[in-house]
Amino acid sequence: MAKSQYEGYTCQAPTILVREEFGAAKIYASQAQSLLNKATGFIGSYDFTLNPYRGCQYGCSYCYATAFSPNPQMRQDWGNWVIVKQNAAELLAKELAAWDKKHPGIPARIYMSSVTDPYQPIEFKEELTKTLLQVMLPYQPTLVIQTRSPMIVRDMEILKNFRRLRVNMSIPTGSESVRKDFEPRSPSIAARIRAIGKLKYNIPFNEEHEAKFSITITPLLPTFPADQIKFISKLAIVDRIVIQDFHPTGKGLLTASTRPEAEALKNKYLWWYDNETEKYQQFKANLISQLPDIEIMEGKAGFGYD
Ligand code: SF4
């Protein structure tokens with residue numbers, strides 16, 4: 001198969017790719033070779049990761065997924081391009097049928113998504129994630145959805161039919177001004193809290209449906225002391241909270257690491273980063289004391305389904 005070319009990031013003409021604009025991002029389409037990829041490392045307790053898109057319009061300053069960009073130029077321009085895996089539904093149907101044949105009666109454990117947000121803005125138009133949920137439904141995988149987008153509420157009626165579902169809503173800070181600095185294109189904190197609350201109160205938890213809900217504060221970003229108590233009290237809607245430090249900064253291009261943009265932003269928040277460990281421990285202690293009935297987990301342990 002010819003190597004994919006991305007118009008705007010190469011002087012060669014695109015081969016199988018189309019290009020259009022959506023907001024500030026260039027949108028490409030590709031034919032993926034596989035959709036379910038073996039899960040390893042942080043999410044090694046799953047069988048597969050599932051990324052409907054490559055790239056992410058949210059372009060968070062600290063995103064470690066930039067390491068998985070097709071080339072250094074696109075890595076540099078993270079947030080301004082997305083590749084839609086056009087044949088995703090077809091591939092997923094084939095791959096789930098193959099899993100089912102090989103492991104009859106054992107549902108696959110799927111983490112969606114590890115290096116993109118399945119509900120980034122282009123999903124509104126493409127409805128690719130929604131289609132993939134419909135493909136998955138008959139196979140009843142254990143499904144974890146990681147997102148920071150309230151758009152997930154659109155698919156609530158489909159999500160209600162999964163028997164083992166966990167939704168992880170990313171909310172790394174309780175301070176809206178910090179959110180605007182570190183992830184200016186992402187939805188507001190209030191919108192995310194409303195969305196996870198809506199899912200929690202409308203998706204049943206009973207003998208047939210184990211729907212669980214987490215808030216992932218990963219990485220924990222500065223949160224002003226004046227915001228902490230109020231923010232933490234709003235998190236009482238979920239059954240688990242996961243916190244984690246910043247991913248270390250790596251030097252290699254293919255190393256998952258915090259982006260230089262976030263490292264630069266730290267200078268604006270020295271009141272936090274000069275005592276980062278202490279601030280992290282204080283925040284964690286506040287979570288534990290304010291939310292005694294909620295599971296507070298750290299790092300890898302928090303990303304499992306159970
Ligand atoms: S939403 Fe997730 S994948 Fe997208 S840029 Fe932010 S951290 Fe990266």
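Quantities reported herein were computed from a predicted structural model and do not represent experimental measurements.

## A few points about the nonpolar core
Membership of the largest hydrophobic core comes to 84 residues, with the highest contact counts inside it found for Leu133, Met136, Phe182 and Ile217. The next biggest cluster of nonpolar side chains, apart from the first, holds eight residues, and it includes Ala39, Tyr46, Val242 and Phe303.

## Things to note about the packing of aromatic side chains
As enumerated under the stated definition, the model contains ten aromatic pairs in all. Aromatic pair Phe182 and Tyr269: ring centres 5.8 Å apart, planes at 40°, arrangement tilted. Taken together, the positions of Phe182 in helix H6 (residues 176-182) and Tyr269 in the loop between helix H9 (260-265) and helix H10 (270-273) put the pair 87 residues apart, joining distant regions of the chain. Take Phe182 and Tyr269: they sit in the same class, and that class is buried. A connected cluster of aromatic rings, assembled from ring pairs, spans Phe182, Phe224, Tyr269, Trp271 and Trp272. Here Arg166 stacks its cationic end above the ring of Tyr305, 6.0 Å away from the centre of that ring.

## Observations regarding the side chain of Ser186
By the secondary structure assignment, Ser186 is in the loop between H6 and helix H7 (189-202). Residue Ser186 is classed as buried on the basis of its relative accessible area, which comes to 6%. Of note is the side chain of Ser186, whose polar atom sits 2.8 Å from the side chain of Glu183. There is a polar contact of 2.7 Å between the side chain of Ser186 and the side chain of Arg192. Other than its neighbours up to four places away in sequence, Ser186 contacts Tyr58, Arg148, Arg179 and Arg192.

Reading guide: rules and limits
Residues numbered from 1 in each chain as written. Predicted model: local features only at pLDDT ≥ 70, side-chain atom pairs only at ≥ 80, totals over all residues. Heavy atoms only, no water. Core = buried A, V, L, I, M, F, W, Y, C linked by side-chain atoms within 4.5 Å. Buried < 20%, exposed > 50% of the residue type's maximum accessible area, 1.4 Å probe, protein only. Phe/Tyr/Trp six-rings, centres within 6.5 Å; stacked < 30°, edge-to-face > 60°. Helix = DSSP H or I, 4+ residues; strand = E, 2+ residues; numbered from the N terminus. Lys NZ or Arg CZ within 6 Å of the ring centre and 35° of its normal. Polar contact = N/O pair within 3.5 Å; in protein donor to acceptor, adjacent residues only side chain to side chain. Contact = heavy atoms within 4.5 Å.

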